[in-house]
2 protein chains.
Amino acid sequence: MSLDEQLRSHGLRVTGIRRDVLDLLQRSDRALSHADVERALPERADRVTLFRVLQSFEDAGLAHRVLDVQGTSRYASCSTECDAHAHHDVHAHFRCTACSGVFCLERVALPEVNVPKGFTVTASRLELEGRCSSCA
Amino acid sequence: MSLDEQLRSHGLRVTGIRRDVLDLLQRSDRALSHADVERALPERADRVTLFRVLQSFEDAGLAHRVLDVQGTSRYASCSTECDAHAHHDVHAHFRCTACSGVFCLERVALPEVNVPKGFTVTASRLELEGRCSSCA
DNA sequence: GTGCAAATGCAACGACGTTGCAAATATGGG
DNA sequence: CCCATATTTGCAACGTCGTTGCATTTGCAC
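Small disclaimer: the values here were computed from a predicted structure and weren't measured.

Caption draft 1: A look at the packing of helix α2 (residues 16–27) of chain B against helix α4 (residues 47–60) of chain B. All names here are of chain B. Relative to each other, α2 and α4 sit at 65 degrees, their axes nearing to 10 Å. Classified by chirality, the crossing of α4 by α2 is right-handed. Listed contacts from α4 to I17, R18, V21, L22 and L25 of α2 are T49, L50, V53, L54, S56 and F57. Of the residues belonging to the contact of α2 with α4, the class tally is eight nonpolar, two polar and one charged.

Here it is, written out as structure tokens:
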């Protein structure tokens, strides 16, 4: 499916910036921060616009947000199994403490955990930390 | 062990602010943000000082840092099994998406995960998300 | 008590993220 | 193809979190 089709099929209008950002995310092997995107974009885009584009992708289910070791948001394009309502809880992540990179890993079966009385769990993820191959 | 003894035994000088902050952390059932601490403190303390106090606690192994759903740092006092060098990788966490609260949970046995070639894992945690009892 | 290292307070700064508003643009209907 | 309109973009301003540098104060060892 082309970039334009993907955007439209998720209810988003097609614009140059959205096309460029989606392309970037899909080519990347890791989650990209707002700053990464700004740097890598073929043509300058307003900072605020990028925040909004990334947010629209998350709302539409085209990308999902994940925090890096510093607490900054990064975005990765969703695999096809994601949809707009349940695309937060299928990933395991690896966070590099050196470069702050975030990588999506395979799905894993997660252990059961007892949560305190009255708590409701909507998502659970396994989060790994360490050094990625570039920072080893 | 008294607050003062705990501070001293971790190589920290005893000051009023440190005592107050450590007391707060140990009484709390959840991880506290810098802003939480600032608000709850018996007497006004400089913002920067609080950041440094919390950081010193983390460095000394008296508390550990954990990010909430918004990516803001929160601190929780360490259990006795923590020490200055390896107190990052023993917890499972629950993050409330409503109030951004973070709660430390019991230890769990984590599943093995295949990481890409060249990656080194130094810590792994199970992270749960949902609503805490106060926000249900 | 005295001296020194450490802790505190203050000012300034930077990154990240948000909001409001005006101008530009994508898209559906004629 | 053009028009009307809802969306998107750009810009300015703002807020929070977190850091750094420096002067002052304070804990603590002697």
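Caption draft 2: Structural detail: the relation of the copies chain B and chain A. The transform that puts chain B on chain A rotates by 180 degrees and translates by 0.0 Å along the axis, for an RMSD of 0.1 Å. Overall, the copies show the geometry of a two-fold rotation axis. Among all C-alpha atoms of chain B, that of G71(B) lies closest to the rotation axis, at 2.0 Å. Taken together, the interface assignments show that 100% of the residues at the interface of chain B recur at the interface of chain A, consistent with an identical surface on both copies.

Caption draft 3: Region of the structure containing the protein's contact with DNA strand D. Residues in close proximity to DNA strand D total 18 residues, the closest being T15(A), R18(A), R52(A), V14(B) and R47(B). Backbone sugar and phosphate groups make up 55% of those atoms of DNA strand D lying within 4 Å of the protein. At a separation of 2.9 Å, a phosphate oxygen of DNA strand D approaches a polar backbone atom of S73(B). Breaking the surface near DNA strand D down by element, the ones donating at least two residues are α2 (16–27) and α4 (47–60) of chain A together with α4 of chain B. Broken down by class, the residue content of the surface near DNA strand D amounts to six nonpolar, four polar and eight charged.

Caption draft 4: Representation of the protein's contact with DNA strand C in the model. Close to DNA strand C lie 18 residues, the nearest being V14(A), R47(A), T15(B), R18(B) and R52(B). For DNA strand C, a base oxygen lies 2.9 Å from a polar atom in the side chain of R47(A). Within the contact set of DNA strand C, a phosphate oxygen lies 3.0 Å away from a backbone nitrogen or oxygen of S73(A). Sorting the residues of the surface near DNA strand C by element identifies α4 of chain A together with α2 and α4 of chain B as the ones contributing at least two each. Class assignment for the residues of the surface near DNA strand C results in six nonpolar, four polar and eight charged.

Caption draft 5: Here's a closer look at the interface of chain B and chain A. Taken together, the contacts link 36 residues of chain B with 36 residues of chain A. Together chain B and chain A conceal approximately 2,800 Å² of surface at their shared face, both sides included; 63% is due to carbon and sulfur atoms. For the pair chain B and chain A, the interface holds two salt bridges. Measuring nitrogen to oxygen at the nearest pair gives 2.6 Å for the salt bridge that ties R125(A) to E129(B). The tally of links from chain B across to chain A stands at 10 residue pairs in polar contact (both at pLDDT 80 or more).

Caption draft 6: Examining unusual backbone geometry more closely. Residue and element names in this part refer to chain A. With a phi angle near 65 degrees, S100 is a residue other than glycine that sits in the positive phi range. Within the element layout of this structure, S100 appears in the loop between β4 (92–96) and β5 (102–105). Using a relative accessible area of 6% as the deciding quantity, one classes S100 as buried.

Caption draft 7: A look at the packing of aromatic side chains. Across all of its chains, the model carries six aromatic pairs over all chains by this definition. Among the aromatic residues, ring-to-ring pairing joins F94(A), F103(A) and F119(B) into one connected group.

Reading the values: rules and limits
Residues numbered from 1 in each chain as written. Chains lettered and ligands numbered in written order. Predicted model: local features only at pLDDT ≥ 70, side-chain atom pairs only at ≥ 80, totals over all residues. Heavy atoms only, no water. Axes fitted to C-alpha atoms, helices over the stretch in contact; angles between N-to-C directions. Helix = DSSP H or I, 4+ residues; strand = E, 2+ residues; numbered from the N terminus. Left-handed = near helix turned anticlockwise from the far one by under 90°. Contact = heavy atoms within 4.5 Å. Nonpolar A, V, L, I, M, F, W, Y, C, P; charged D, E, K, R; others polar. Least-squares fit on C-alpha atoms with pLDDT ≥ 70 in both. Near = heavy atom within 4 Å. Polar contact = N/O pair within 3.5 Å; in protein donor to acceptor, adjacent residues only side chain to side chain. Buried area = accessible area lost by both parts, 1.4 Å probe. Salt bridge = Lys/Arg side-chain N within 4 Å of Asp/Glu carboxyl O. Buried < 20%, exposed > 50% of the residue type's maximum accessible area, 1.4 Å probe, protein only. Phe/Tyr/Trp six-rings, centres within 6.5 Å; stacked < 30°, edge-to-face > 60°.

These results come straight from atomic positions and should not be treated as a statement about function.
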